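Spelled out from the first residue to the last, the chains are:
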Amino acid sequence: MAEISISNKDWERVKIKVQRKYNNLSDEQLRYTEGQEEALITKLMDLVNRNREYVVFTLKKALVNIDNNRL
């Protein structure tokens, strides 16, 4: 079970932050459906070649201050 919960609205902001950090990722690669956090984490682990803890930490960090553009 995923340790985070991301709404579709929040994902749009988080996706921008992730794309700024990893500018090689496309919108297609970062497609997300609300409630599919586990699939998102797994996909990001493969795309950025990082472990689960790092990906979850990064997503949580992006969600903490959703209005800030920094990740």
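Residues numbered from 1 in each chain as written. Predicted model: local features only at pLDDT ≥ 70, side-chain atom pairs only at ≥ 80, totals over all residues. Heavy atoms only, no water.

Let's shift gears to empty space enclosed by the protein. Per the counting criterion, the structure on display carries one cavity of 30 Å³ or more. Roughly 70 Å³ of internal volume is contained in the largest cavity. Forming the boundary of the largest cavity are V18, Y22, L44, V48, Y54, V55, T58 and L59. Elements with a contribution of two residues or more to the lining of the largest cavity: α2 (37-48) and α3 (52-64). The biggest single contributor to the lining of the largest cavity is α3, with four residues. Here the lining of the largest cavity is built from residues that sort into seven nonpolar, one polar and no charged. (1 Å grid on protein atoms, 1.4 Å probe; cavity = no way out; pocket = protein on both sides within 12 Å on 5 of 7 lines; lining within 4 Å. Points joined across faces, edges and corners; volume = space filled by probe spheres on them. Helix = DSSP H or I, 4+ residues; strand = E, 2+ residues; numbered from the N terminus. Nonpolar A, V, L, I, M, F, W, Y, C, P; charged D, E, K, R; others polar.)

Despite not being glycine, N49 shows a phi value in the positive range, around 55 degrees. One can find N49 in the loop between α2 and α3. With a relative accessible area of 69%, N49 lands in the exposed category. (Buried < 20%, exposed > 50% of the residue type's maximum accessible area, 1.4 Å probe, protein only.)

Under the counting rule described, the total for this entry stands at five salt bridges. Here K15 makes a salt bridge to E12, at a shortest N to O gap of 3.8 Å. Remark: E12 and K15 occur in helix α1 (residues 8-21); sequence separation between them is three residues, near one turn of the helix. On the basis of relative accessibility, which here comes to 43%, the residue E12 falls in the partly exposed class. Linked through salt bridges whose partners overlap, the residues forming this network are E3, E38 and R52. (Salt bridge = Lys/Arg side-chain N within 4 Å of Asp/Glu carboxyl O.)

With that settled, the discussion passes to the packing of α1 against α3. Close contact between α1 and α3 brings their axes to 9 Å; oriented N to C, the two are set at 120 degrees. The angle between the axes of α1 and α3 places the two elements in the oblique class. Between α1 and α3 the crossing geometry is right-handed. Residue-level inspection shows D10, W11, V14, K17, V18 and K21 of α1 in contact with α3, the latter providing Y54, L59, A62 and L63. In the contact of α1 with α3, the residues fall into seven nonpolar, no polar and three charged. (Axes fitted to C-alpha atoms, helices over the stretch in contact; angles between N-to-C directions. Parallel < 35°, antiparallel > 145°, perpendicular 65-115°, else oblique. Left-handed = near helix turned anticlockwise from the far one by under 90°. Contact = heavy atoms within 4.5 Å.)

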